[in-house]
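Structural overview
Okay, here's what each chain looks like letter by letter:
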Amino acid sequence: MVTITHPSLPAFEYIQPKTLAEASRFLSEHADEARPFLGGTDLFVRMRDGVLSPRFLVDVKNLDGTNELRFDPQTGLTIGAAVSMNRVIASPDVQGIYPLLAEACRSVAGYQLRTRATIVGNLCNASPAGDTLGACLALDGFLHIHGTAGPRREMLSDFFVGPGKTTLKPGDIVTAVGFPLPPRGCAGVYLKLGRNRLSDLSIVGVTVLGSPDPGLPSGAHFRIVLASVAPVPLVAVEAETYLLGQPITPETLHRAAHLASEATKPIDDIRSSARYRKLMVASLTEKALTAVWKKILQ
Ligand SMILES: Cc1cc2nc3c(=O)[nH]c(=O)nc-3n(C[C@H](O)[C@H](O)[C@H](O)COP(=O)(O)OP(=O)(O)OC[C@H]3O[C@@H](n4cnc5c(N)ncnc54)[C@H](O)[C@@H]3O)c2cc1C
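Residues numbered from 1 in each chain as written. Predicted model: local features only at pLDDT ≥ 70, side-chain atom pairs only at ≥ 80, totals over all residues. Heavy atoms only, no water.

Per an unreviewed UniProt entry, the recorded name for the chain is Aerobic-type carbon monoxide dehydrogenase, middle subunit CoxM/CutM homologs, and the organism is Longilinea arvoryzae.

**Quick word on the domain arrangement of the chain**
When its domains are assigned, the chain resolves into domain 1 (2-59), domain 2 (69-179) and domain 3 (187-297). In this structure, domain 2 and domain 3 have C-alpha centres spaced 21 Å apart. Opposite the 21 residues of domain 2 that make contact, domain 3 presents 20 residues. Summing both partners gives a buried area of about 1600 Å² for domain 2 against domain 3, and 63% of it is carried by carbon and sulfur. Across the domain 2-domain 3 interface, the total number found is two salt bridges. One can count six residue pairs in polar contact (both at pLDDT 80 or more) joining domain 2 with domain 3. Breaking the side of domain 2 that touches domain 3 down by element, the ones donating at least two residues are helix H5 (99-106), helix H8 (133-138) and strand E9 (160-162). Per element, the largest residue contribution to the side of domain 2 that touches domain 3 is five residues, and it comes from H8. Tallied by class, residues from the side of domain 2 that touches domain 3 come to 13 nonpolar, five polar and three charged. (Domains from an automatic or database assignment. Contact = heavy atoms within 4.5 Å. Buried area = accessible area lost by both parts, 1.4 Å probe. Salt bridge = Lys/Arg side-chain N within 4 Å of Asp/Glu carboxyl O. Polar contact = N/O pair within 3.5 Å; in protein donor to acceptor, adjacent residues only side chain to side chain. Helix = DSSP H or I, 4+ residues; strand = E, 2+ residues; numbered from the N terminus. Nonpolar A, V, L, I, M, F, W, Y, C, P; charged D, E, K, R; others polar.)

**Describing the UniProt feature "domain: FAD-binding PCMH-type" (unreviewed entry) in the chain**
Residues annotated by UniProt as "domain: FAD-binding PCMH-type" (unreviewed entry) correspond here to residues 7-184. Between the end C-alpha atoms of residues 7-184 there is a gap of 52 Å, over a span that is 30% helix and 27% strand. (UniProt positions renumbered as here; feature names shortened; annotations may be inferred.)

**A word on the packing of aromatic side chains**
Within the structure shown, the criterion is met by eight aromatic pairs. With centroids separated by 6.0 Å and ring planes inclined at 40°, the aromatic side chains of Phe 12 and Phe 44 adopt a geometry described as tilted. Of this pair, Phe 12 sits in strand E2 (residues 9-15) while Phe 44 sits in helix H2 (residues 43-48), and the two are 32 residues apart along the sequence. Taking relative accessible area as the criterion, Phe 44 reaches 24% and is therefore assigned partly exposed. Summarising the aromatic geometry, the rings of Phe 159 and Phe 160 are spaced 5.2 Å apart at their centres and angled 75° between planes, so their arrangement reads as edge-to-face. For Phe 160, a relative accessible area of 12% gives the class buried. Aromatic ring contacts, followed pair by pair, group Phe 12, Tyr 14, Phe 37 and Phe 44 into a single cluster. (Phe/Tyr/Trp six-rings, centres within 6.5 Å; stacked < 30°, edge-to-face > 60°. Buried < 20%, exposed > 50% of the residue type's maximum accessible area, 1.4 Å probe, protein only.)

So this is what it looks like as structure tokens:
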């Protein structure tokens, strides 16, 4: 245990456990005063701003498997919790098979930040504005979690329960995020609207993943996930369902984008008014659906 003091941070003890079991035990025994961390790009900012002042910071990098990024052609992709976004972007497997993940990571801040920031940190922070949440949900991501009772898996679709809130319990450590093989011929797009092009959270983020399906009237199946417009990342189910039964035309894509906008529950905040967010969801969803449809037809 090392005591860390820094002029802009509250003092804390740095804990570097040797095993996941040790880390889970420590976190559960100090549930109100200890937090796990990875890149620290969310956690240290919240400590600097006085939002959090944990007594213990538990470094969960370098624990069993957390540094691995591996692709298995039978089962899919596993991204260890400590893998930085720049490593994800640089991975040939991600570029070739899961390009939507690379695109989402590339939209996060700048290069320097992405050498520290992780996808798992972005997911555990559970901001509805998090840029990688949409891609991870659209690709049917699931979490590997180590708790006091040992390892388990949890679907990402059940993970987010409110702004900054997840289903994680004291002692739980997310060790990796996994993805099944993506649907054959799928194509995706992430459109982010921020106040500037660097280092800002989204005003609105729209993720669309489309997959060809000749059995459907539309000829394709779409996933639509919206950021910054609800307490948790919002899957636009009404729009997705509407598109299943329609031939794809500019009119049906326009209608689906409006259904997506109607499903949102945005708030006014320092980045935007709620009204502007709703309008931008309609506009960006239509743009993203059109771009994905063109990619599928290529
Ligand atoms: C300048 C700046 C710009 C930013 N720009 C963006 C942006 O454009 N888009 C965006 O989405 N985000 C942005 N962020 C936020 C942040 O960089 C991301 O959310 C990042 O992905 C967090 O990853 P991390 O590894 O640093 O997480 P950490 O800060 O280490 O952890 C984040 C949270 O998750 C918890 N946690 C960490 N690891 C685990 C674990 N293994 N199991 C359970 N809980 C865990 C921590 O206790 C903490 O609450 C920005 C931050 C800064 C400082």
